[in-house]
Amino acid sequence: MYTFLAKLRLMAILALTGLLGAVPMQVSAESGSCTTASCTVTSQVNFSVVIPSFMRFRLGAAATQDTVTFTVPAANVGDSGSIAGTGGDQGSGVSTLDVISNMNGNVVVTVAVSDASGIPCASGACTGTFINWNEITTGTSGATAPPALDNGSTGTATFAPTAGIVNENANWTFSYDNTTTPVSGTFSGNVVYTATAP
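Residues numbered from 1 in each chain as written. Predicted model: local features only at pLDDT ≥ 70, side-chain atom pairs only at ≥ 80, totals over all residues. Heavy atoms only, no water.

Engineer: Sorry, what's going on with the nonpolar core here?
Structural biologist: If you look at soluble globular proteins, the nonpolar side chains tend to sit buried side by side. Grouped together as the largest cluster of nonpolar side chains are 26 residues, with contacts concentrated most on Val107, Leu149, Phe159, Val191 and Tyr193. When contributions to this core are tallied by element, the ones reaching two or more residues are β5 (94-101), β6 (107-113), β7 (119-123), β10 (156-159), β11 (166-176) and β13 (191-196). Residue contributions to this core peak at five residues, all from β11. Setting aside residues no more than four positions away along its own chain, leucine 149 makes contact with Val111, Trp133, Asn134, Ile136, Val191 and Tyr193. (Core = buried A, V, L, I, M, F, W, Y, C linked by side-chain atoms within 4.5 Å. Buried < 20%, exposed > 50% of the residue type's maximum accessible area, 1.4 Å probe, protein only. Helix = DSSP H or I, 4+ residues; strand = E, 2+ residues; numbered from the N terminus. Contact = heavy atoms within 4.5 Å.)

Engineer: Could you clarify how one ought to interpret unusual backbone geometry in this entry?
Structural biologist: The general pattern is negative phi for most residues beyond glycine and trans for most peptide bonds. A positive phi angle, close to 70 degrees, is found at serine 80, a residue other than glycine. Positionally, serine 80 belongs in the loop between β2 (68-69) and β3 (83-84). Judged by relative accessible area, serine 80 falls into the partly exposed class, the value being 48%. One non-glycine residue with positive phi stands out, namely asparagine 178, at about 65 degrees. The residue asparagine 178 is located in the loop between β11 and β12 (186-187) in this model.

Engineer: Quick question: what am I supposed to make of the sheet that holds strand β8 (residues 130-131) here?
Structural biologist: Paired through backbone hydrogen bonds, the strands of a sheet run either parallel or antiparallel to each other. Overall, antiparallel pairing links the three strands, which are arranged β8-β7-β12 in an open sheet. For this open sheet the edge positions go to β8 and β12, each flanked by a neighbour on one side alone. The pairing of β7 with β8 spans two bridges and is antiparallel. Its bridge partner being in β8, isoleucine 119 is matched across the sheet by isoleucine 131. (Pairing = 2+ DSSP bridges.)

Engineer: Quick question: what am I supposed to make of the environment of alanine 170 here?
Structural biologist: By secondary structure assignment, the location of alanine 170 is in strand β11. On a C-alpha basis, the gap between alanine 170 and serine 95 in space is 8.6 Å, while along the polypeptide they are 75 residues apart. If near-sequence neighbours (up to four positions away) are discounted, alanine 170 is found in contact with Ser95, Thr96, Leu97, Thr140, Ser141 and Gly142.

Engineer: Sorry, what's going on with the pattern of salt bridges here?
Structural biologist: Close approach of charged atoms allows side chains of opposite charge to pair. Inspection of every chain in the model, using the stated rule, returns two salt bridges. Arginine 58 serves as the salt-bridge partner of aspartate 89, at 3.4 Å between the closest nitrogen and oxygen. Of this pair, aspartate 89 sits in the loop between β4 (86-87) and β5 while arginine 58 is found in strand β1 (residues 55-59), placing the two residues 31 residues apart along the sequence. By relative accessible area, aspartate 89 is classed as partly exposed at 30%. On the accessibility criterion, arginine 58 (28% relative accessible area) is partly exposed. Close ionic contact of arginine 58 with aspartate 98 constitutes a salt bridge, the shortest N to O distance being 3.9 Å. Of this pair, arginine 58 sits in strand β1 while aspartate 98 sits in strand β5, placing them 40 residues apart in sequence. (Salt bridge = Lys/Arg side-chain N within 4 Å of Asp/Glu carboxyl O.)

Engineer: What's the story with the side chain of aspartate 98 in this structure? I'm lost.
Structural biologist: The class for aspartate 98 is buried, based on a relative accessible area of 18%. Aspartate 98 has contacts with Arg56, Phe57, Arg58, Glu168 and Asn169, leaving out every residue within four places of it along the chain.

Engineer: Sorry if this is basic, but what is going on with the sheet that holds β13 here?
Structural biologist: Ordered by their spatial adjacency, three strands build an open sheet running β10-β6-β13, and the pairing between neighbours is antiparallel. Each having just a single partner strand, β10 and β13 make up the two edges of the open sheet. Taking the axes of each pair of neighbouring strands and ignoring which way they run, one obtains an average angle of 20 degrees across the sheet. Of the strand pairs in this sheet, β6 and β13 are connected by six bridges, and their pairing is antiparallel. Directly across from threonine 110, in β13, lies its bridge partner threonine 194. (Axes fitted to C-alpha atoms, helices over the stretch in contact; angles between N-to-C directions.)

Right under this line is the structure:
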């Protein structure tokens, strides 16, 4: 549609250009005049501002993918004591969240885990075992609750607009709940967060 309209406009301009040599140019503008000793003359200018629709979404560093690591001390494995992470663009398992939209509707953030069985064993004695995704929890400094992680399910977070604008800047803090006793090893997985606006 945009290409077609651009061609139409170009043809119209060329046609007018061809006519300019044969027809005197006439300029139409709003003007006024007066001849009295004291007078007032007004003239109007119309302004138009075009704002495009946009949405911006950031979780973590602006240019690189965040990695958050939880290292559980041997004396605390499975004792339900929450474990803070390292990494994240702000450190200590904290990632920056920015959700901005001027589309006059909700922005919905969904999650998709890399393995529906859980966080898989990557190395060590844990081969073939998993840690449930719900062992990783997300806190926020913002007004909207983050999507929850779980095996095979898609959590959502809905950011509602104020006067047509969604604008939330927050810190998401990831923690390991540590409520189970997995086999020893390193477990590694990935979560994709997707923001959608109407």
